[in-house]
Amino acid sequence: MSKKKKLLLGSGLVVAVAALVGAAVMKKNGKQEIEVQTAPVKRQRVVETVTATGKVQPHIQVKISADVSAKITKLAVSEGAWVEKGDFLLELDRERYIAAVERAEASLRSAESDAKLARESMLKAEKDYQRSKELHEKQLESSAAYDAAAATYQVEKARYESASSSVEQSRALLKQANDDLSKTRIYAPMAGTISQLNKEVGEIALGSQFQEDVILVVSDLVGMEALVDVDENDVVAISLGDTANIEVDALPNTIFRGYVSEIANTAKVTGSGTADQQTEFEVKVAITGTTLGQAANGVAQNLEITQQRSTADLRPGMTASSDIVTETRDSTLAVPIQCVTVRTMDQLQKKPAEGKSGEAIANESSEPQFTPDKDGFVEIVFVVKDGAVEARQVKTGIQSNTHIEILTGLTEGDEIVTGSYRAISKDLQHGVKVMVKNAEKKNQT
């Protein structure tokens, strides 16, 4: 259910409980008119936003982990330091890996020697076989001797092929040992700032083949973004490219501009199976610049600016609140949100006046017709006419933090009830007499 529906439905539930009580109190006190404040319906700009909170993070960051396990022996950077691509970051203990390379080299030399001996033996066996073959063809050597020479040649040939395979295997092991040795020295994969340093010299770096063990993080702090969690009911209204205004707790009186750069496809569920279960989607909002003294809905605020801020002042992990603009109406009929309330069909029935029956009132052609929603509520705004209020069923559109769009039911210039909240949510009923007391009119007189 949307925020607007929850708000209006909440008002309707309050009305259902308090309507009879309010009527009884009015009758007891002998009060025939209810004091209200009014204002004319106007066209204005309405900006609908989705608010979400999260953390500031770099748009690009690389987590550096070791591919091999060893103790850190050298650390060439500190947190906050700037590095260029290819700069030396740290070194792990190399002794074990150097020994592995030397062992692989020795194994390769041995395999190559064995292959060389096997080759010589194969060549000798091949010559003996060729000689035996010639003699056998001239019937100067027996078939048994010829077969023995042929078998010996095949054996030596197979032995040589096996030795050659051992050489290739030893070369592969040497290549792997050299690769492991090279991974004991880690260099910067990109230019950026060391935004996080988790280990010191002497600590063990675990190889990341089976688990993540981040040693440090290199971040591009020039391009920052806010990673916010958006409720599942609101994420459907957000699209890629939607503009946003971001406020950071650590940098008051500054509003950062941005746009939606990425929307998660999979939900993040917390408190599963409990009353506090939440289903949210991660949304990335790229931060592009700052706007001082401007509110999220585009209305200027009187903020006390103490210092010029920029995206360079942002740090990873700062708490951020983002107002994502989903819809904008530049000139539309709109009323304050508190003006829109709900009533049941029973509450909208006009009370019979003196000398008139309820049937007579129902037959009057001027009586408005209402169509309830599936829950039995009617969304209405009270319009003041001839000293009484008329309940007008309205169809609403988007809403900002203060105003809600009216699609049907009102016309520009209609005098509507804007207060008090108690009168709108509880006391007012269709046809009730009211007394208009506007502060502006008092001041004018």
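Residues numbered from 1 in each chain as written. Predicted model: local features only at pLDDT ≥ 70, side-chain atom pairs only at ≥ 80, totals over all residues. Heavy atoms only, no water.

**Overview of the overall build of the protein**
Here is the rule we go by: Numbered from the N terminus, helices here are DSSP runs of H or I no shorter than four residues, and strands are runs of E no shorter than two. The classification of residues rests on relative accessible area computed with a 1.4 Å probe and restricted to protein chains. Under 20% of the type maximum is buried, over 50% is exposed, and intermediate values are partly exposed. Throughout, a residue-residue contact means that at least one pair of heavy atoms, one from each residue, lies within 4.5 Å. All accessibility values rest on the Shrake-Rupley procedure with a 1.4 Å probe; residue burial counts only the protein chains present in the view.
Scanning the protein from terminus to terminus reveals 7 helices and 21 strands. Looking at the 445 residues of the protein, the share that counts as buried comes to 39%. Residue pairs in contact within the protein that sit at least 24 positions apart in sequence constitute 77% of those at least 6 positions apart. In the structure as shown, the protein presents an accessible area of about 25500 Å², 49% of it carried by carbon and sulfur atoms.

**A look at the pairing of strand β2 (residues 42-65)**
As a reminder, the rule being used: Whether two strands pair depends on DSSP finding at least two bridges between them.
Bridge analysis of β2 against strand β14 (residues 319-336) gives 13 bridges, and the strand direction is antiparallel. The residue bridging Q44 from the neighbouring strand is T332, located in β14. Bridge count between β2 and strand β9 (residues 214-231): 12 bridges; the pairing is antiparallel. Considered in β9, the bridge of I64 is made with L216.

**What to know about helix α2 (residues 95-137)**
Convention followed: Helix span, as expected, comes to 1.5 Å for every residue beyond the first.
Between the first and last C-alpha of α2 there are 63 Å, a value that for 43 residues agrees with the 63 Å anticipated at 1.5 Å per step. Where α2 is concerned, the buried positions are Y97, V101, A104, L108, A111, A115, A118, M122, A125, Y129 and S132. The inward-facing, buried residues of α2 abut β3 (70-75) and α3 (143-182). One or two positions beyond α2, positive phi appears at Q139, with a value near 60°.

**Considering the pattern of salt bridges**
Filter applied, for reference: The rule for a salt bridge is simple: a side-chain nitrogen of Lys or Arg has to be within 4 Å of a carboxyl oxygen of Asp or Glu.
Under the counting rule described, the total for this entry stands at 19 salt bridges. For R159, the salt bridge goes to E156, with nearest N and O atoms at 2.6 Å. Separated by 3 residues within a single helix, R159 and E156 lie in helix α3, roughly one turn from each other. Taking relative accessible area as the criterion, R159 reaches 44% and is therefore assigned partly exposed. What emerges from the salt-bridge pattern is a single network uniting E112, E168 and R171.

**Here's the deal with the environment of E415**
Among the secondary structure elements, E415 is positioned in strand β20 (residues 415-419). When the C-alpha positions of E415 and K42 are compared, they lie 9.9 Å apart, and in sequence the two are 373 residues distant.

**A word on a negative patch on the surface**
Test applied: Only residues whose relative accessible area exceeds 30% and that form no salt bridge enter a patch; like-charged residues are grouped when within 9 Å of one another, and nonpolar side chains (Val, Leu, Ile, Met, Phe, Trp, Tyr) when within 5 Å. Neither His nor the chain ends is counted toward charge; the positive residues are Lys and Arg and the negative residues Asp and Glu. For charged residues, the charge sits on one atom: NZ in Lys, CZ in Arg, CG in Asp, CD in Glu.
A surface patch of like charges, here negative, comprises D93, E95, E102 and E105. Inspection of the secondary structure assignment puts E95 in helix α2.

**Overview of the packing of α2 against α3**
Convention followed: For helices, the axis comes from a line fit to the C-alpha atoms of the stretch in contact; other axes are also lines fit to C-alpha atoms, and the angle between any two N-to-C directions lies between 0 and 180 degrees. Should an angle fall under 35 degrees it is taken as roughly parallel, and over 145 as roughly antiparallel, whereas 65 to 115 is taken as roughly perpendicular and any remaining angle as oblique. Working rule for handedness: look at the near helix, and if it is turned counterclockwise from the far one by less than a right angle, call the crossing left-handed; if clockwise, right-handed.
Axis separation between α2 and α3 bottoms out at 7 Å; the angle between their running directions is 165°. Taken together, the axes of α2 and α3 are roughly antiparallel relative to one another. In the crossing of α2 with α3, the sense of the turn from one axis to the other is left-handed.

**A closer look at the pairing of strand β17 (residues 388-393)**
In this sheet, β17 lies alongside strand β16 (residues 377-385) in antiparallel orientation, the contact comprising 6 bridges. Opposite V383, over in β17, you have E390 as the bridge partner.

**A look at the packing of aromatic side chains**
For clarity, the cut-off: Two rings from Phe, Tyr or Trp (for Trp, the six-membered ring) form a pair when their centres sit within 6.5 Å of each other. Planes less than 30 degrees apart are called stacked, planes more than 60 degrees apart edge-to-face, and all others tilted.
Counting across every chain of the model gives 3 aromatic pairs. Relative to Y187, the ring of F88 lies with its centre 5.8 Å away and its plane at 65°, an arrangement referred to as edge-to-face. You can see F88 sitting in strand β5 (residues 88-92) and its partner Y187 sitting in strand β6 (residues 185-187), a full 99 residues away along the chain. A relative accessible area of 43% places Y187 in the partly exposed class. Taken together, Y129, Y146 and Y153 form an aromatic cluster joined through their ring pairs.

**Re unusual backbone geometry**
A cis geometry characterises the amide bond from G419 onward to S420, with omega recorded as 0°. In the Ramachandran plot, N253 falls in the positive-phi region, its phi being about 65° despite a non-glycine side chain. Relative to the elements of secondary structure, N253 occurs in the loop between β10 (243-248) and β11 (254-263). Its identity as a non-glycine residue notwithstanding, D386 has a phi of 55°, on the positive side.

**Quick notes on the nonpolar core**
Quick reminder of the rule: Among buried residues, those of type Ala, Val, Leu, Ile, Met, Phe, Trp, Tyr and Cys that are joined through side-chain atoms within 4.5 Å constitute a nonpolar core.
Core analysis: the biggest nonpolar cluster contains 31 residues, and L89, L92, I215 and L216 have the highest contact counts within it. Those elements that provide at least two residues to this core are β3, β5, α2, α3, β7 (192-197) and β9. With sequence-adjacent residues up to four places away left out, L89 is seen in contact with I64, L75, A76, V77, V83, I186, Y187, A188, I194 and L216. One finds V248, V283, V285 and I324 within the second-largest nonpolar core, a separate group that totals 23 residues.

**Some details on α3**
The terminal C-alpha atoms of α3, which comprises 40 residues, lie 59 Å apart, in line with the 58 Å expected from a rise of 1.5 Å per residue. Residues of α3 that are buried include every one of Y146, A149, A150, Y153, E156, A163, V167, S170, L174, A177 and L181, and no others. Against α2 and β6 lie the buried residues of α3.

**Some words on the side chain of D414**
We count it as follows: Whenever a nitrogen or oxygen atom comes within 3.5 Å of another N or O atom, the pair is scored as a polar contact, on the condition that within protein one atom can donate a hydrogen and the other can accept it, and that pairs from neighbouring residues in sequence are kept only if both atoms are in side chains.
Within the secondary structure layout, D414 lies in the loop between β19 (403-408) and β20. Of the polar contacts made by the side chain of D414, one reaches the side chain of R392; its length is 3.2 Å. If near-sequence neighbours (up to four positions away) are discounted, D414 is found in contact with A39, P40, V41, V383 and R392.

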